[in-house]
Structures are given as C-alpha cells and as structure tokens.
Amino acid sequence: MPMSPKPTCHLVRPESTYQGKQGLSYFAGIAAETVGSSGICMHLLTMPPGARAKAHMHESHETAIYVLSGEVHTWYGDRLEHHVVTRAGDLFYIPAGVPHLPANLSGAPASAVIARTDPNEQESVVLLPGLDGLVA
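Everything numeric in this text was worked out from a predicted model, so none of it was measured. (Residues numbered from 1 in each chain as written. Predicted model: local features only at pLDDT ≥ 70, side-chain atom pairs only at ≥ 80, totals over all residues. Heavy atoms only, no water.)

Q: Now, about the overall build of the protein chain: what can you tell me, with residues and values included?
A: When you go through the protein chain residue by residue, the secondary structure sums to two helices and 11 strands. The order of α-helices and β-strands along the protein chain, N terminus first, is β-β-α-β-β-β-β-β-β-β-β-β-α. Here the C-alpha atoms of the protein chain give a radius of gyration of 16 Å, agreeing with the 14 Å that 2.2 N^0.38 yields for 136 residues. Across its three principal axes, the protein chain shows a C-alpha extent of roughly 55 × 30 × 25 Å. For the protein chain, with 136 residues in total, the buried portion stands at 41%. Within the protein chain, residue pairs in contact and separated by at least 24 positions form 70% of the contacts whose partners lie at least 6 positions apart. As displayed, the protein chain offers around 7,600 Å² of accessible surface, 59% of which is attributable to carbon and sulfur atoms. (Helix = DSSP H or I, 4+ residues; strand = E, 2+ residues; numbered from the N terminus. Rg over C-alpha atoms; globule rule 2.2 N^0.38 Å. Buried < 20%, exposed > 50% of the residue type's maximum accessible area, 1.4 Å probe, protein only. Contact = heavy atoms within 4.5 Å. Areas by Shrake-Rupley, 256 points an atom, 1.4 Å probe, with all protein chains shown as cover.)

Q: Give me the lowdown on the side chain of Asn120, citing residues and values where you can.
A: Relative to the elements of secondary structure, Asn120 occurs in the loop between strand 10 (110-116) and strand 11 (125-127). Within the structure, Asn120 has its side chain in polar contact with the side chain of Glu123 (distance 3.4 Å). Setting aside residues no more than four positions away along its own chain, Asn120 makes contact with Ala32, Glu33 and Cys41. (Polar contact = N/O pair within 3.5 Å; in protein donor to acceptor, adjacent residues only side chain to side chain.)

Q: How would you sum up the state of the cysteines? Please name residues and give values.
A: In total, this model carries zero disulfides according to the counting rule given. Among the cysteines around Cys41, which has no disulfide bond, Cys9 carries the closest sulfur, lying 18 Å off. (Disulfide = S-S within 2.5 Å.)

Given below as structure tokens:
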C-alpha cells in the first residue's frame, strides 16, 4: 500500500493572479490548488477604483475579510438589502449561503486578505445574476 506524502509547510508569494467568477482578479494564495490545503483558502484582493463584483454567495463556506487599505461597500442579504462600509483595519464576516456584492466606490485602490473555509479557489462560488441590478 503506497504511503501518502507527509504534509509540509509551503511559502506562497502572491505574484500570479487569476480571474474569479465574481469578476475580480485575485492574487493566487493558499488553496487546494496551490498548496494542497484541505480546509481553508486565503487570498489577497486589490480592487481598483470603481471595481464591482458580481452578486454571488459561497454556498457552504464562510468568508472572513481583513481590509488592509482603502474602503469597500458591500451589499448583502437575500435581496442585497443590507449595506456596510469596511475600511482599513476592519474585519468582516460573511456566513455561508449569504448573497453579497462588494464594490470599491472610491477613487483609490482597496486591498484585503480574504479567507474561506472552502480550500478550493472558486468551487463554492454561486453567481446570482438576478441580484446584480439591485445595486446601482
């Protein structure tokens, strides 16, 4: 019976990017695809001024966000009826299955570290195009 390799530590430098289903470009980070993680992923996102994601949710996975710089508006809820503004130093939690739509309405980039309980970069992303028009 073959033995599986012993788990080891990995250094990831966020130099390459990938286009997320949400319509934003993410720096590749910790994920099943990059390091073989089995319970978490973590990425760096920089939203340029005026950038806006597509309405979406992460079906079975929680999301934690730490804003490094800038300001991001996020609408959330079944009809995106709730609104919050996160700024540098803020932590924001999104439960599994909650629709949300982040946007950078400022004139400066906004950067954040994003961690999810889904180890795959995009597997649990569910686009919700019917909600996109609810946010001007």
